[in-house]
Amino acid sequence: MMNKKIAVIGIPGKWSTEVLADRLEEKTGFRLVISMADVHADLSTSTLYAQGVNLCQLDGIIVKKISQTYNPNTLDRIELLRLAEKNGVRVFSKPDTIIRMIDRLGCTMTLRHGDIPMPATRISEDIDYALKTVQDFGAAVFKPLYSTKARGMCVIESNQSDDQILNQISEFKRDNPMMYMQEKVELAGQDYGMVFLGGNYLGTYARISQNDSWNTTINSGGKYAPIPHHKVQ
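Residues numbered from 1 in each chain as written. Predicted model: local features only at pLDDT ≥ 70, side-chain atom pairs only at ≥ 80, totals over all residues. Heavy atoms only, no water.

### A closer look at the packing of helix 3 (residues 95-102) against helix 4 (residues 104-113)
At step 1: Between helix 3 and helix 4, the shortest axis-to-axis distance is 5 Å and the interhelical angle comes to 105°. The angle between helix 3 and helix 4 places the two elements in the roughly perpendicular class. Across the interface between the two elements, Arg-100, Met-101 and Ile-102 of helix 3 pack against Arg-104, Gly-106, Cys-107 and Thr-110 of helix 4.
At step 2: A per-class count over the contact of helix 3 with helix 4 returns 3 nonpolar, 2 polar and 2 charged. (Axes fitted to C-alpha atoms, helices over the stretch in contact; angles between N-to-C directions. Helix = DSSP H or I, 4+ residues; strand = E, 2+ residues; numbered from the N terminus. Parallel < 35°, antiparallel > 145°, perpendicular 65-115°, else oblique. Contact = heavy atoms within 4.5 Å. Nonpolar A, V, L, I, M, F, W, Y, C, P; charged D, E, K, R; others polar.)

If you want it as structure tokens, here you go:
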């Protein structure tokens, strides 16, 4: 890998971004950390610049974090990377693949079409249908289509009056016209994450809650922990 110029797109100063860039520098002798906020494209010259470097002339780009929080603007950032890819730069992961994962609904559809098991999930703009969903599920997690680390999510439970439920649904719907609703599953304080690379299974890790939060995300105090291989079936 020596003499390869591979940039990292992430959050400058963040541990995970900087460590990845450090490891690449050890392997290649080249180091470049880029925030997508600093990238500008010129379609007439087919160039994509950041920090004075034409990203279309690199050997590769690794996307660690496309933005601090996900929103529709994130999709536009990914579209810019297609310019580098068109110029022969290898982008990990491919922009088209990332686009399908950023939008929670698009990601869910991809998983569902692959027959991947998941909690009962309903999507609708109709408030009355959302009320019925809460009643059917007993407790439903309402999730924004663009978010990470459970930001903007809320749990709405059926053990309250219809008016109270409708008020909570309406509050969520103000910022999320298309409502993504998933049956709340008891996690017993932890959940698993599985890692694949190039279609090959690499391993599994746990995310363990450290408090009484309904979710185990790092943003809510969760911690990562190793999982013994024999526990993963």
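### Examining the sheet that holds strand 12 (residues 190-197)
At step 1: Overall, antiparallel pairing links the 3 strands, which are arranged 12-13-14 in an open sheet. The outermost strands of the open sheet, each flanked by one partner alone, are strand 12 and strand 14 (223-226). On average, adjacent strands in this sheet sit at an angle of 35° to one another, irrespective of strand direction.
At step 2: Inspection of the sheet shows strand 13 (residues 200-208) paired to strand 14 by 4 bridges, in the antiparallel sense. Within strand 14, the position partnered with Arg-207 by the bridge is Tyr-224. (Pairing = 2+ DSSP bridges.)

### Notes on the sheet that holds strand 5 (residues 53-54)
At step 1: Spatially, 3 strands are ordered 3-4-5 in an open sheet, and the strand pairing comes out antiparallel. The outermost strands of the open sheet, each flanked by one partner alone, are strand 3 (40-42) and strand 5.
At step 2: One ladder, built from 2 bridges, connects strand 4 (residues 47-50) with strand 5; its direction is antiparallel. From the neighbouring strand, Ala-50 faces strand 5, where its bridge partner is Val-53.

### A few points about the packing of helix 5 (residues 127-137) against helix 6 (residues 162-175)
At step 1: Orientation of helix 5 relative to helix 6, taken along the N-to-C sense of each, is 120°, at an axis distance of 10 Å. By the angle between their axes, helix 5 is oblique relative to helix 6. Handedness of the helix 5/helix 6 crossing: right-handed. Residues Ile-127, Ala-130, Leu-131, Val-134 and Gln-135 of helix 5 pack against Asp-162, Ile-165, Leu-166, Ile-169, Ser-170 and Lys-173 of helix 6.
At step 2: Of the residues that constitute the contact of helix 5 with helix 6, the class distribution is 7 nonpolar, 2 polar and 2 charged. (Left-handed = near helix turned anticlockwise from the far one by under 90°.)

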